[in-house]
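So the chains spell out like this:
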Amino acid sequence: MKWNSLLILLLSTFLLSSCSNSPTGRYSQHKDSAPTRLPNESELRNAVPVHEPISPQGNRDYRVLGNDYEVMESAAGYVEEGYASWYGNKFHGHLTSNGEYYDMYSMSAAHTRLPLPTYVKVTNLKNERSVVVRVNDRGPFHPERIIDLSFAAAYKLDMLDSGTAPVKIEAISLNTPMPAAQKTAAENRPDYLIQLVASSNPDRLSQLKHDLPPKFQEIATTEQSHGLHKLMLGPVSEDDSYDLLEQIRSSGYPEAFRVKAAQSQSDTPDAKHQN
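Residues numbered from 1 in each chain as written. Predicted model: local features only at pLDDT ≥ 70, side-chain atom pairs only at ≥ 80, totals over all residues. Heavy atoms only, no water.

## A short note on the overall build of the chain
The test is simple: Runs of H or I in DSSP of at least four residues are treated as helices and runs of E of at least two as strands, each being numbered from the N terminus. Burial here depends on accessible area, computed with a 1.4 Å probe over protein chains only, as a share of the maximum for the residue type. Under 20% is buried, over 50% is exposed, and the range in between is partly exposed. Here, residues are in contact when the closest pair of their heavy atoms is within 4.5 Å. For accessible areas, the Shrake-Rupley method is used with a probe of radius 1.4 Å. Any residue's cover is judged against the shown protein chains and nothing else.
When helices and strands are counted, the chain shows 7 helices and 12 strands. A buried classification covers 47% of the 275 residues belonging to the chain. Expressed as a percentage of contacts within the chain between residues at least 6 apart in sequence, the contacts between residues at least 24 apart total 76%. As displayed, the chain offers around 13900 Å² of accessible surface, 49% of which is attributable to carbon and sulfur atoms.

## As for the environment of Glu 246
Counted only if it meets this: For this analysis, a polar contact is any N or O atom pair within 3.5 Å, provided that within protein one partner can donate a hydrogen and the other can accept it, and provided that sequence-adjacent residues contribute only side-chain to side-chain pairs.
Tracing the sequence through the fold places Glu 246 in helix H6 (residues 238-250). When the C-alpha positions of Glu 246 and Phe 257 are compared, they lie 9.5 Å apart, and in sequence the two are 11 residues distant. Reaching out from Glu 246, the side chain makes a polar contact with the side chain of Tyr 101 at a distance of 2.8 Å.

## Here's the deal with the sheet that holds strand E11 (residues 228-236)
Applied cut-off: Two strands are said to pair when DSSP picks up at least two bridges between them. The axes used here are C-alpha line fits, helices contributing only the stretch in contact, and every angle between their N-to-C directions lies in the interval 0 to 180 degrees.
The antiparallel open sheet is built from 4 strands, whose spatial order is E10-E11-E9-E12. Of all strands in the sheet, those bounded by a partner on one side alone are strand E10 (220-225) and strand E12 (257-260). The sheet shows a mean angle of 45° between the axes of neighbouring strands, direction not considered. Both E10 and E11 contribute to a ladder of 6 bridges, which runs antiparallel. In the strand pairing of E11, Thr 221 is matched with Met 232. Packing against the sheet, H6 makes contact with strand E9 (192-199), E11 and E12, and its axis sits at approximately 35° to E9.

## Here's the deal with the side chain of Ser 241
Secondary-structure assignment places Ser 241 in helix H6. Residue Ser 241 is classed as buried on the basis of its relative accessible area, which comes to 0%. Filtering out sequence-adjacent residues up to four positions away, Ser 241 remains in contact with Tyr 192, Ile 194, Val 236 and Arg 258.

## Considering the layout of surface pockets
Condition: Points on a 1 Å grid, built from protein atoms alone, make a cavity when a 1.4 Å probe fits but cannot get out and make a pocket when they are open with protein on both sides within 12 Å along at least 5 of 7 lines; residues with an atom within 4 Å of a point are the lining residues. Grid points are joined across faces, edges and corners, and a volume is the space filled by probe spheres set on the points. Residue polarity follows a fixed list, in which Ala, Val, Leu, Ile, Met, Phe, Trp, Tyr, Cys and Pro are nonpolar, Asp, Glu, Lys and Arg are charged, and the others, Gly among them, are polar.
The space that makes up the largest pocket amounts to roughly 860 Å³. Forming the walls of the largest pocket are 40 residues, and the residues nearest its centre are Glu 52, Arg 134, Tyr 192, Glu 238 and Tyr 242. Secondary-structure elements contributing two or more residues to the lining of the largest pocket are strand E6 (130-137), helix H3 (180-188), H6 and E12. Across the lining of the largest pocket, the residue classes break down as 15 nonpolar, 11 polar and 14 charged. Lining the second largest pocket are 19 residues, with Ala 75, Pro 117, Thr 118, Ile 172 and Leu 174 sitting closest to its centre. Broken down by class, the residue content of the lining of the second largest pocket amounts to 11 nonpolar, 6 polar and 2 charged.

## Observations concerning the nonpolar core
Quick note on the threshold: Only buried residues count toward a nonpolar core. Its members are Ala, Val, Leu, Ile, Met, Phe, Trp, Tyr and Cys residues joined through side-chain atoms within 4.5 Å.
Formed by 38 residues in total, the largest nonpolar core has its most connected members in Val 120, Val 122, Val 133, Ile 147, Leu 149 and Met 159. If you tally residues by element for this core, the top one is helix H2 (residues 151-156), at 5 residues. Setting aside residues up to four positions removed in sequence, Val 120 forms contacts with Leu 114, Val 131, Val 132, Val 133, Val 135, Ile 147, Ile 169, Glu 170, Ala 171 and Ile 172. Core analysis: the second largest hydrophobic core is formed by 16 residues, Leu 212, Phe 216, Leu 231 and Leu 245 among them.

## Here's the deal with a negative patch on the surface
We apply this condition: Surface patches are drawn from residues lacking salt bridges whose relative accessible area is over 30%; two like charges belong together within 9 Å, two nonpolar side chains (Val, Leu, Ile, Met, Phe, Trp, Tyr) within 5 Å. A side-chain nitrogen of Lys or Arg and a carboxyl oxygen of Asp or Glu constitute a salt bridge if their distance falls within 4 Å. Counted charges follow a simple rule, with Lys and Arg positive, Asp and Glu negative, and His plus the chain ends left uncounted. Working definition for charges: the position is that of NZ of Lys, CZ of Arg, CG of Asp or CD of Glu.
A cluster of acidic residues, Asp 239, Asp 240, Asp 243 and Glu 246, forms a negative patch at the surface. Structurally, Asp 240 is set in helix H6.

## Structural notes on H6
As a reminder, the rule being used: A helix is expected to span 1.5 Å multiplied by its residue count minus one.
Between its first and last C-alpha atoms H6 spans 19 Å; for 13 residues at 1.5 Å apiece the expected length is 18 Å, and the two agree. If you check which residues of H6 are buried, you get Glu 238, Ser 241, Tyr 242, Leu 244, Leu 245, Ile 248 and Arg 249. Two to three positions downstream of the cap, the backbone nitrogen of Asp 240 sits 3.2 Å from a side-chain oxygen, assigning the N-cap of H6 to Ser 237. One or two positions beyond H6, positive phi appears at Gly 252, with a value near 110°.

Purely geometric numbers; function is a separate question.
Printed below as a string of structure tokens:
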């Protein structure tokens with residue numbers, strides 16, 4: 001099936017029940033829905049595992065829909081098989097369980113018990129495609145599913161048309177502790193960009209850049225990939241990227257999203273498997 005046909009199918013029939021089946025005033029949509037565009041090349045890069053401290057939020061035992069969940073102390077050696085689902089528009093831009101913003105175009109996932117964050121490799125057992133994602137949210141609260149993937153991750157696993165797929169999850173172990181100085185440097189490294197808009201018309205991007213508030217103009221850049229021009233802000237550190245994303249969305253770019261700064265495919269785990 002061609003991807004443009006698939007997108008039309010997704011927009012007309014969304015087969016997925018996401019993280020939570022109970023809508024609240026927190027979300028503008030009653031039910032989840034598919035986005036209006038597919039991921040681009042930069043958004044399909046695997047999450048790159050790095051040493052991170054356990055998040056201050058989202059790592060306590062909790063209760064949802066009458067069920068108790070005990071958070072694992074460690075993801076070491078974790079392997080599980082079951083069904084994956086994915087979540088999209090309804091949750092895009094809202095806070096995840098560990099206090100970050102959910103970006104359906106990032107390589108992320110939700111799990112009920114893994115420590116936040118945890119990096120895992122997810123393999124679609126139907127086609128052997130795999131992806132590395134960063135678990136930063138809780139869910140899916142559905143007895144027949146073990147992980148909720150971002151839209152981009154589900155796209156890479158070729159499971160959008162079915163909504164769910166049988167998968168194998170394997171935690172990625174980072175055995176060597178990161179020295180404190182290296183850890184601080186990693187946290188402050190300018191690894192993230194905020195993409196405002198993409199267009200085949202470079203003149204349009206130049207005008208948009210000129211119209212940005214001065215504080216954004218100072219860090220605005222453009223890049224070109226396969227004939228598509230992109231207006232970006234950054235690069236900035238991961239911590240700063242959340243604040244910057246919130247600011248730019250409230251300044252008239254509600255569809256802005258975070259991307260990792262460009263990296264070579266050779267730096268991407270299992271790069272040959274992913275393409």
